[in-house]
Amino acid sequence: MSAQGTPSAAAKMAGMSQGTAKATPKGAWTVTFLLFLFMVVNFADKIVVGLAGVPIMTDLKLEPAQFGLLGSSFFFLFSVSAIVVGFIVNKVATRWVLLTLAVIWALAQFPMVGTVSFTTLLICRIVLGAGEGPAASVAMHAIYKWFPDEKRTLPTAVLTQGSAFGVILAVPALNWVIVNHSWHYAFGALGVVGLIWVCAWLALGQEGPLEDTKALAANEPKIPYVQLLTSRTFLGCVFATFGAYWALSLGLTWFTAFIIAGLGFSQQQAGFISILPWVFGATIVILTGWISQVMMARGYTTRISRGVLGSVPLIIGGLILASMPHVSGAGLQIALLVVGSGLCGAIYVVCPPMLGEFTPASQRGAVIAIYGALYTLSGIIAPMVMGTVIQRAGSMLNGYMTGFTINAVVMIGSGVIGLLLLWPNTEKARLMRGAAPREAELKGVVLPT
């Protein structure tokens, strides 16, 4: 191991920066909790179609490939809206952007309360995806206005936990509505919850005081976007999270259907089983955030405490998923699926802070948004691939197993790429070296009077 990766060498650098570290402002954790709830609503909105998959397919007479298209439709405008809004939050207060997004989510749910066609459901999911595409990146950008770099991993983990708790809390409640009433009312309940969050954010939401967007835009040195977006750490984050999101999008769309149609459980039983990957994933997320912060405090470089810590679980998770078709018994297969897909959670905790390390704050909203837009493209591909594989398989169970094997290969490959490319601790110095000559040139120019 090089000196750069050892605790002793990094400890000296950490010690030099500790004296100038910014304090966490009062109210930071209140806003963090509100944004945690924001992500809870976000993922409850995502999971409802997968949870109600079998009733929806039955009522609307959908083939597996059509349901796969429905799952993928959520992501059709997801990436485009994420990029557009990412550039907007470089200049507009995140408080108002977050409010607008939440209103769109709520309104997109209510048309499903009545009788709907497949086309109506498809359009509403596309609109919802457009509203939710920027959510995680904007929330992360908002959080980083409240916490200095060395304190960002833990709040990032808390925010990421919102995805898990969104499913853990929503699945029993929504499944009860689906079983005892109708899947239509599950959508309506989510619309009401979304409006409640809007009211809470209007009352308590604030903009972080650590960064003045306009002042940073005027005074902070800029790095060309082409250099930021082609840096090895940015590419490593995109590829690594692409594999993790492949697993997540399958979980959102196909996990409950697999439990019911593939393994023979009832809708009520499947509701409880569907919580398991998210409980395990939540544990992984909070452990990763805590371990990363402890490692950084002890002087490990962010290459180790963020890059390696996030990539290795992807590889291990992929290997576990790959073993699913080779074991028998529904209980063991569910356990492997839960653990294998749950390990993906580590990468979500470490990538945004890594990007924040070397991206100027005035450009960070756009960079994190573009990162999100690129890795969530797997959300378009994965559900449709699974639907097509199931429809073409000899049996439904064999189709699911083939689909999860493809998932395993994607995870292993993305984890290896992440392990090779994630070097955030050296990225900023390298990028600034390229920007320095241009700054010097501009300073030397004599403007005409």
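What counts and what doesn't
- Throughout this description, residue numbers start from 1 for each chain and increase along the sequence as written.
- For this predicted model, a pLDDT threshold of at least 70 governs which residues receive local features, and a threshold of 80 or more governs which side-chain atom pairs are given and counted, while totals over whole chains, interfaces and linings are taken from all residues.
- Derived side-chain values reflect all non-hydrogen atoms in the structure, with water molecules and hydrogen atoms excluded from consideration.
- Here, the term nonpolar core denotes a set of buried Ala, Val, Leu, Ile, Met, Phe, Trp, Tyr and Cys residues that are joined through side-chain atoms within 4.5 Å.
- Residue exposure (1.4 Å probe, protein chains only): buried if accessible area is under 20% of the type maximum, exposed if over 50%, otherwise partly exposed.
- Think of it this way: any DSSP run of H or I at least four residues long counts as a helix, any run of E at least two long counts as a strand, and we number them from the N terminus.
- By the convention used here, residues are in contact when the closest approach between their heavy atoms is within 4.5 Å.
- Residues enter patches when they are more than 30% accessible in relative terms and free of salt bridges; like-charged ones are connected within 9 Å and nonpolar ones (Val, Leu, Ile, Met, Phe, Trp, Tyr) within 5 Å.
- Reported accessibility uses the Shrake-Rupley method at a 1.4 Å probe radius. Residues are deemed covered only where the shown protein chains occlude them.
- For salt bridges, the criterion is a side-chain nitrogen of Lys or Arg within 4 Å of an Asp or Glu carboxyl oxygen.

Visitor: Before we go on, may I ask you to explain the nonpolar core in this structure?
Guide: Soluble globular proteins tend to bury their nonpolar side chains together. One finds Leu35, Phe38, Phe258, Trp278, Ile347 and Tyr371 to be the most contacted residues of the largest nonpolar core, which totals 122 residues. Sort the elements by how many residues they give to this core and helix H13 (residues 232-262) lands first, with 17 residues. If we skip the residues at most four places from it in the chain, tyrosine 371 touches Phe234, Cys237, Val238, Thr241, Cys351, Pro352 and Leu355.

Visitor: Is there a simple way to think about a nonpolar patch on the surface in this case?
Guide: Judged by side-chain polarity, Phe76, Leu77, Val80, Val84, Ile88, Val92 and Met384 come together as a nonpolar surface patch covering roughly 530 Å² of accessible area. By residue number, the principal contributor to the nonpolar patch is helix H5 (residues 78-88), which donates three residues. In this structure, isoleucine 88 sits in helix H5. What makes isoleucine 88 partly exposed here is its relative accessible area of 37%.

Visitor: Which parts of the structure should I look at to understand the environment of glycine 71?
Guide: With respect to the helices and strands, glycine 71 occurs in helix H4 (residues 64-73). We classify glycine 71 as buried; its relative accessible area is 7%. Residues glycine 71 and glycine 387 lie 316 residues apart in sequence; the distance between their C-alpha atoms is 9.4 Å. What glycine 71 contacts, discounting residues up to four positions off in sequence, is Thr253 and Pro383.

Visitor: For this particular structure, what's the right way to read the pattern of salt bridges?
Guide: Pairing between side chains becomes possible if they bear opposite charge and their charged atoms approach one another. All told, the structure shown has four salt bridges when counted by the stated rule. Of the charged contacts in the structure, one is a salt bridge between lysine 46 and glutamate 132, with a shortest N-O distance of 3.4 Å. Highlighted residues: lysine 46 in helix H2 (residues 28-51) and glutamate 132 in helix H7 (residues 118-132), separated in sequence by 86 residues. By relative accessible area, which is 6% here, lysine 46 ends up buried. Lysine 145 is the salt-bridge partner of glutamate 207, the closest N and O atoms lying 2.7 Å from each other. Highlighted residues: glutamate 207 in the loop between helix H10 (183-204) and helix H11 (213-219) and lysine 145 in the loop between helix H8 (135-143) and helix H9 (153-180), separated in sequence by 62 residues. Under the relative-accessibility criterion, glutamate 207 is labelled partly exposed at 26%. According to the relative accessible area criterion, lysine 145 is buried, its value standing at 1%.

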